[in-house]
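# Structure at a glance
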Amino acid sequence: LECEGHRAILRELTRFWDTSIEHYTMGLHLMFDLVEEMDAPATTRRGLIRKRQFLSLGLHKVFVLSLETLQKLESQAIAEPARAAMLTDAALNLAVRSLTYDFVNQAGEENEALSIAVPMSWRADFNNAAMVDLLFQLVDRFHQFAPEQAARALELLLLYINVPRSIYESLQMHTDIWCKLLEGIRNLLQTRKGFHDPGVHHMMCRLLGSLRDADHMGRTRKFKDYAEWLDLAKNFTIASFRDRQVPANSIHYLLQFWWRLSTSTRTSNGSDLLARILAAQREAAGGSPRESDDEDKGLVQTLVPEVVDAFIMSRVESVEAALAGLTDDPLDDAEMLQAQLEVLPKIGAQQYSIIGSRLVEVLDQRQRMYESALTAGSTHQVRVLEAQLAWLVRVSAAMVGGHYAMETHISIQGQRVVPQSVMGTNMQNGDELIDADVSRRMLQLVMMVERRHDPSTVASLGRADARLELALLSFMDKLKQGLLYVDSHVADDGMGQGIGSAGPGIPQLLTSIIGRRPPGIPAEVYTKIFKRIGLGDHKEVLGLLMSKVLSNLKIWADHPELVKETLVMLATMVHGASDQNAAARILLELDVTRSLFQHHTAEALPFLSHRGNERHRTTFYLTLTHLLSLNEADVDASGAFEAFLQPIIATLDSLMNTPNLRTEECRRAIIGVTRDLRGITCASNHRMYPLLFDLLYPRYLPLLTRALETWGDAPDVTNSVLKLWMELSENKDGR
């Protein structure tokens, strides 16, 4: 780079064209190796300077040479297909490697937007609509005998179009290139050339997913067949969803494509981009942007719901094949599952009334089949349906929970800046009733699974699928975030107040829903939602969720992951909203909660005695103690707290009376009781802590010293004991 003679090597390599195809191919491979070496992550300042020097002095020449090679191959056809494919492959690889160069020194960082930060000095190379045609021609030429070259040409096209909009000389040039792109994609979708090859199919999914700004399409008014293009894209998407051989990352790119298409505009009427784009097409053709509104409405309402329905049903239908080992199970890849489910509610936000109704229909159908299979005692059918229901529950949780997001609002109070978290929503009027319909089916399924764990049924069919239980917990988490966080006085006052005076009596989620409506709407909408659910008021629904939590801790004691998620669910139910303890106070009124305070030992909750759950005991007792601290009927923390501690005191007495602590039974008892006490101490407030300390000192604290002396070589024992000491000695909140 520092010598003109060395920089001339790039120019000299172009002479290989006049020698032989093999020599020229070798020259392109040498350039590829050079770019690969120069793009190594820069760990020093000198390395970074060298990278930038190559970017400014050599990389552009390499990229131009690769494009010129592709153009020469088009104008000077090579008779032998194998030699042509060899040279084309080298040129495509070099061009792709040039555009994937680390232009801004961000090696290793993910670029979800896929925007290529090419220098502005490269502008002339990207203002060439003929290059788009050339790359599509390469796909057409090589899709049969060399599909890897066809896939590479699509990859280069993907990179070629994903450059900053400022790189184009004019809006007309940008429009021409995107018209060529859309026309080429349409032709490929019509002919399906090369789609039999997994590489070509995947690159087509990536190409569609990279169309990140649907406004680009709206501006390509010369392209008159946009409705047909959308229909072809829809058919390709649905076919890909139904093909079991299509990998999950390809599906993810297609979901990204439809998400960007269906993103709502910022206009007040809530219309989506599909309608706006089609209106622009008609206006460009000389028609009125307002004509054929019914046609637009039909297109917008049928395309996206049909795509979402195909995605949901294809995943449901793939479950049986996955259980037979014929394809990957969509529930096993947690990371990809989360990514897909985050996008799904964004796609269906504008057409949720259609999508939600279809989801309710599918849930009803599968639940009837599940109940019939349980009655018939068909083990295989029950197994298949439970896996399918697990997927549907995950989708339901995503759709219901995807409507809401915590938004931070800033207010100025005196000289302080006070951030406040508020639940925001993108729901349309009436969507909350669809959420209620979905919630009803989910709660019915919870009760069905509880009946399914009857001892006689478990003896013949075994326990339910753990993935279904985890999915139900995910939905319960979404449900408790919204409709169930209410103040305890809501049930007493009948919610007869209006929105303006309801104050904290209305749950945050409901406030966000009703807040989008005109002022003066009565709070009876809240009652309407629970009436639609049909399982009682908010207290009864909370009682159902609490019973499910305790059931999981009994039935799934040997499943640490499910125990952990169940305890997290219990903790979030108890801690309630960010600034209130409304849900926790309602829990205190439930019979199931009162029973829990009296029966919280290993005999009542087997998970406490399971070896894999020791560390979860602290979370469990911390949550229970926090809930107990909110008992307004026991403000002095007198009888209730002491009664709650009696089983733990009994364990301490048993250990005190044991002369030899060096047994496995004593080791587990020491670990368990110290973890329990740590959770209780952590949640004890200024009223509870003195009572706790008086119970432990001076009678039981010497036991901790004995445990350290006896088990000094056992880290699990010493860690538990020392962490309890640390918690006891910490003066939290001046207690």
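Residues numbered from 1 in each chain as written. Predicted model: local features only at pLDDT ≥ 70, side-chain atom pairs only at ≥ 80, totals over all residues. Heavy atoms only, no water.

### Focus on the overall build of the protein
Which entries qualify depends on this criterion: Elements are defined by DSSP. Helices are runs of H or I of four residues or more, strands are runs of E of two residues or more, and each kind is numbered from the N terminus. Relative accessibility under 20% of the residue-type maximum defines a buried residue, over 50% an exposed one, and the middle range a partly exposed one, all with a 1.4 Å probe and only protein chains included. Throughout, a residue-residue contact means that at least one pair of heavy atoms, one from each residue, lies within 4.5 Å. Each accessible area is a Shrake-Rupley estimate made with a 1.4 Å probe; only the visible protein chains count as cover when residues are assessed.
In terms of regular secondary structure, the protein is built from 34 helices and two strands. A burial count over the protein gives 51% of its 735 residues as buried. Across the protein, contacts joining residues at least 24 apart in sequence account for 75% of those joining residues at least 6 apart. Accessible surface computed for the protein: about 33,300 Å², of which carbon and sulfur atoms make up 50%.

### A few points about the pattern of salt bridges
Test applied: Any carboxyl oxygen of Asp or Glu within 4 Å of a side-chain nitrogen of Lys or Arg constitutes a salt bridge here.
One pass over the full model with this rule turns up 27 salt bridges. With its nearest N and O atoms 2.7 Å apart, the salt bridge here joins Arg452 to Glu386. Of this pair, Arg452 sits in helix α18 (residues 431-452) while Glu386 is found in helix α17 (residues 379-401), placing the two residues 66 residues apart along the sequence. Ionic contacts of the salt-bridge type, sharing partners, join the residues Glu36, Asp39, Lys51, Arg97 and Asp102 into one network.

### Re helix α6 (residues 129-142)
Convention followed: The span expected for a helix works out to 1.5 Å for each residue beyond the first. Whenever a nitrogen or oxygen atom comes within 3.5 Å of another N or O atom, the pair is scored as a polar contact, on the condition that within protein one atom can donate a hydrogen and the other can accept it, and that pairs from neighbouring residues in sequence are kept only if both atoms are in side chains.
Its 14 residues give α6 an end-to-end C-alpha distance of 21 Å, which sits within 8% of 20 Å, the value for a rise of 1.5 Å per residue. What α6 keeps buried is the set Ala129, Met131, Val132, Leu134, Leu135, Phe136, Leu138, Val139 and Phe142. Summarising the contacts, the buried residues of α6 are in contact with α3 (45-75), α4 (81-99), α7 (147-161) and α8 (171-191). Near the N-terminus of α6, the side chain that reaches the backbone nitrogen of Ala130, with its oxygen 3.1 Å away, is that of Asn128.

### A closer look at the packing of helix α16 (residues 352-376) against α17
Note the following rule: Lines are fitted to the C-alpha atoms to define the axes, a helix being fitted only along its stretch in contact, and any angle between axes, read from their N-to-C directions, falls within 0 to 180 degrees. What sets the label is the angle itself: under 35 degrees gives roughly parallel, over 145 gives roughly antiparallel, 65 to 115 gives roughly perpendicular, and the rest give oblique. In this scheme the handedness of a crossing depends on how the near helix is turned from the far one: anticlockwise by less than a right angle means left-handed, clockwise means right-handed. For this classification, Asp, Glu, Lys and Arg are treated as charged, while Ala, Val, Leu, Ile, Met, Phe, Trp, Tyr, Cys and Pro are nonpolar and the rest, including Gly, are polar.
Put simply, α16 and α17 touch, their axes get as near as 10 Å, and they point 155 degrees apart. Between α16 and α17, the angle falls in the class roughly antiparallel. At the point where α16 passes α17, the crossing takes the left-handed sense. Facing Tyr352, Ile355, Leu359, Val362, Leu363, Arg366, Gln367, Met369, Tyr370, Ala373 and Leu374 of α16, the residues of α17 in contact are Gln381, Val382, Leu385, Glu386, Gln388, Leu389, Leu392, Val395, Ser396, Met399 and Val400. A per-class count over the contact of α16 with α17 returns 16 nonpolar, four polar and two charged.

### Quick notes on unusual backbone geometry
Residue Pro698 follows Tyr697 across a cis peptide bond; omega there is 5 degrees. Of note, Arg192 is a non-glycine position whose phi angle comes to about 55 degrees, a positive value. In this fold, Arg192 is placed in the loop between α8 and α9 (198-209). Classification of Arg192 by relative accessible area gives partly exposed; the value is 40%.

### Re the confidence of the model for the protein
As a reminder, the rule being used: Summary of the metric used: pLDDT quantifies the predictor's per-residue confidence within the range 0 to 100.
Per-residue confidence for the protein gives a mean pLDDT of 79; residues scoring 70 or more make up 76%. Mean pLDDT per element in the protein: helix α23 (residues 508-514) is the minimum at 33, and α9 is the maximum at 94. Note on residues 264-272: pLDDT is under 50 here. Beyond four places in sequence and across chains, it has 13 contacts.

### Focus: the packing of aromatic side chains
The line we're drawing: When the centres of two rings from Phe, Tyr and Trp lie within 6.5 Å, Trp using its six-membered ring, the rings pair. Their planes under 30 degrees apart give stacked, over 60 give edge-to-face, and anything left gives tilted.
In the structure shown here, the tally under the stated rule is 15 aromatic pairs. Ring geometry for Phe241 versus Phe311: centroids 5.3 Å apart, planes at 65 degrees, classification edge-to-face. With a gap of 70 residues between them, Phe241 in helix α11 (residues 226-242) and Phe311 in helix α14 (residues 293-323) connect regions that are remote in the sequence. Exposure remark for Phe241: the relative accessible area of 1% places this residue in the buried category. Given a relative accessible area of 0%, Phe311 falls into the buried group.

### Re the nonpolar core
Put simply, the rule reads: The definition of a nonpolar core used throughout is a set of buried Ala, Val, Leu, Ile, Met, Phe, Trp, Tyr and Cys residues joined through side-chain atoms within 4.5 Å.
Counting 203 residues, the largest nonpolar core has Leu181, Ile185 and Phe620 as the members making the most contacts within it. Each residue touching Phe620, except ones within four places of it in the same chain, is listed here: Leu553, Leu567, Leu570, Leu596, His600, Leu605, Phe607 and Leu608.

### Section: the packing of α8 against α9
Here α8 crosses α9 at 145 degrees, and the two axes come no closer than 12 Å. Where α8 crosses over α9, the two elements pack in a sense that is left-handed. Contacts from Leu181, Ile185 and Leu188 in α8 reach Met204, Leu207 and Leu208 in α9. Broken down by class, the residue content of the contact of α8 with α9 amounts to six nonpolar, no polar and no charged.

### Some thoughts on the side chain of Ser66
Within the fold, Ser66 resides in helix α3. Discounting chain neighbours no more than four positions away, the residues touching Ser66 are Ala91, Leu94 and Ala95.

### Side note on the side chain of Thr237
Positionally, Thr237 belongs in helix α11. Exposure remark for Thr237: the relative accessible area of 0% places this residue in the buried category. Within the structure, Thr237 has its side chain in polar contact with the backbone oxygen of Ala233 (distance 2.7 Å).

### Topic: the environment of Glu317
Note that Glu317 resides in helix α14. As a C-alpha pair, Glu317 and Arg244 span 73 residues in sequence and 9.6 Å in three-dimensional space.

### Remarks on the environment of Leu461
Inspection of the secondary structure puts Leu461 in helix α19 (residues 455-461). Distance from Leu461 to Arg383, taken between C-alpha atoms, is 9.0 Å for residues 78 residues apart in sequence.

### Digging into the environment of Thr566
Residue placement: Thr566 occurs in helix α26 (residues 560-575). Judged by its relative accessible area of 0%, Thr566 is buried. Counting along the chain gives 16 residues from Thr566 to Leu550, while the straight-line C-alpha distance between them is 8.5 Å.

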